[in-house]
Amino acid sequence: MERNLTQIALFAALIAALGLIPKFTLPLGVPITGQSLGIMLAGTVLGAKRGALAVILFLGLVALGLPLLAGGRGGLGVFSGVTAGFLFGWVVAAYVTGLLAEMWAGKGGWIAPAIASAIGGILVLYPIGIIGMYLKLDATLMGLTLSMGPFVPGDLIKCVLAGLITQGLRKARPGLVAG
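Values in this document were obtained by computation on a predicted structure and should not be read as measured data. (Residues numbered from 1 in each chain as written. Predicted model: local features only at pLDDT ≥ 70, side-chain atom pairs only at ≥ 80, totals over all residues. Heavy atoms only, no water.)

J.: Could you clarify how one ought to interpret the packing of aromatic side chains in this entry?
T.: By convention here, two paired aromatic rings are described through the distance between centres and the angle between planes. For the coordinates displayed, the defined rule picks out two aromatic pairs. Centroid distance Phe 58 to Trp 90: 6.1 Å. Interplanar angle 45°. Geometry classified as tilted. With Phe 58 in helix H3 (residues 48–63) and Trp 90 in helix H4 (residues 84–103), the pair connects residues that are 32 residues apart, well separated along the chain. Judged by relative accessible area, Trp 90 falls into the buried class, the value being 8%. (Phe/Tyr/Trp six-rings, centres within 6.5 Å; stacked < 30°, edge-to-face > 60°. Helix = DSSP H or I, 4+ residues; strand = E, 2+ residues; numbered from the N terminus. Buried < 20%, exposed > 50% of the residue type's maximum accessible area, 1.4 Å probe, protein only.)

Written as structure tokens, this is what we have:
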């Protein structure tokens, strides 16, 4: 129990720390940061349940007003903004990434966790975020979907990094990685 709580707290802290990496903002106000890598790693390393719990803890700290999101944002207001769909989607993304990583544990080297990250962190997360933007902006779903194009290359790089880091942790600390 203590180990699980510690890992959940550490990954919530990792997600926060990755938000400190310099960011830049594309049109529509969606920042590019390292935080999505933290979401992917929470899933690939901790697994579905603990990964999602780490994200929920992180979002709880944000809701309390801690400025942990890109650009030093925090507070309840971020959960009603243009990017709120992505924040809520992070929980689902970490869970799906973790579920797939657990199913494919030990298979395919770094590629399996990278693919799990791509499915959870892109194919699952993007539609949730796009729907959130659609509810807040005067734009079409197709237009918003196309606006996500510039994010794909960076997120694919993060997926590869998540796969490599997860595989490295699996080799260095076999009991640490879920699955």
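J.: For this particular structure, what's the right way to read the nonpolar core?
T.: General note: in soluble globular proteins, nonpolar side chains tend to be found buried as a group. Of all hydrophobic cores here, the largest spans 38 residues; its most connected members are Phe 58 and Trp 90. The set of elements that each furnish at least two residues to this core consists of helix H1 (2–18), helix H2 (35–46), H3, H4, helix H5 (111–136) and helix H7 (151–172). No other element matches the seven residues that H2 contributes to this core. With residues near it in sequence (within four places) discarded, Trp 90 still touches Gln 35, Ile 39, Val 55, Phe 58, Leu 59, Leu 69 and Leu 125. (Core = buried A, V, L, I, M, F, W, Y, C linked by side-chain atoms within 4.5 Å. Contact = heavy atoms within 4.5 Å.)

J.: What am I meant to see in the UniProt feature "transmembrane region" (unreviewed entry) in the protein here?
T.: The UniProt feature table records "transmembrane region" (unreviewed entry) at residues 51–69, 76–98 and 110–135. Helix makes up 65% of residues 76–98 and strand 0%, whereas the separation of the span's terminal C-alpha atoms amounts to 27 Å. Across residues 110–135, helical content stands at 96% and strand content at 0%; the span's end C-alpha atoms are separated by 37 Å. (UniProt positions renumbered as here; feature names shortened; annotations may be inferred.)

J.: What is the right way to read the packing of H5 against H7 from this model?
T.: When two helices pack together, their arrangement is given by the angle between the helix axes and by the axis-to-axis distance. Two elements in contact, H5 and H7, have axes whose closest approach is 7 Å; the angle formed by their N-to-C orientations is 145°. You can see that H5 and H7 cross each other, and the crossing is right-handed. Facing Pro 113, Ala 114, Ser 117, Ala 118, Ile 122 and Tyr 126 of H5, the residues of H7 in contact are Phe 151, Val 152, Asp 155, Leu 156, Cys 159, Val 160, Ala 162, Gly 163 and Thr 166. Among the residues making up the contact of H5 with H7, the classes are represented as 11 nonpolar, three polar and one charged. (Axes fitted to C-alpha atoms, helices over the stretch in contact; angles between N-to-C directions. Left-handed = near helix turned anticlockwise from the far one by under 90°. Nonpolar A, V, L, I, M, F, W, Y, C, P; charged D, E, K, R; others polar.)

J.: Help me understand H7, please; the structure alone is not making it clear to me.
T.: Residues spaced three or four apart along an α-helix point in a common direction, a consequence of the helix completing one turn every 3.6 residues. When the terminal C-alpha atoms of H7 are compared, their 31 Å separation across 22 residues agrees well with the 32 Å that a helix rising 1.5 Å per residue should span. All of the buried residues along H7 are Phe 151, Asp 155, Lys 158, Cys 159, Ala 162, Gly 163, Thr 166, Gln 167 and Arg 170. Considered in projection along H7, the buried side chains sweep an arc of 170° and stay on one side of the axis. Of the residues in H7, the exposed ones pointing more than 90 degrees away from the buried face are Ile 157, Lys 171 and Ala 172. (Expected span 1.5 Å × (residues − 1). Arc of directions from axis to C-beta.)

J.: So what exactly am I meant to see when it comes to the environment of Gly 175 here?
T.: If you trace the backbone, Gly 175 turns up in the segment after H7. Its relative accessible area of 58% is what places Gly 175 among the exposed residues. The sequence separation of Gly 175 and Gly 75 amounts to 100 residues, and the corresponding C-alpha distance is 36 Å.

J.: Is there a simple way to think about the packing of H4 against H5 in this case?
T.: Their axes nearest at 8 Å, the elements H4 and H5 cross at an angle of 160°. In terms of their interaxial angle, H4 and H5 are classed as roughly antiparallel. Between H4 and H5 lies a crossing whose hand is right-handed. Residues that form the contact of H4 with H5 fall into these classes: 15 nonpolar, eight polar and no charged. (Parallel < 35°, antiparallel > 145°, perpendicular 65-115°, else oblique.)

J.: Explain H3 here, please?
T.: With 16 residues, H3 should cover 22 Å at 1.5 Å per step; its first-to-last C-alpha distance of 22 Å lies within 8% of that length. Taken together, the buried positions of H3 are Ala 48, Arg 50, Gly 51, Ala 52, Ala 54, Val 55, Phe 58, Leu 59 and Val 62. Following H3 by one or two positions, Gly 65 adopts a phi angle in the positive range, close to 110°.

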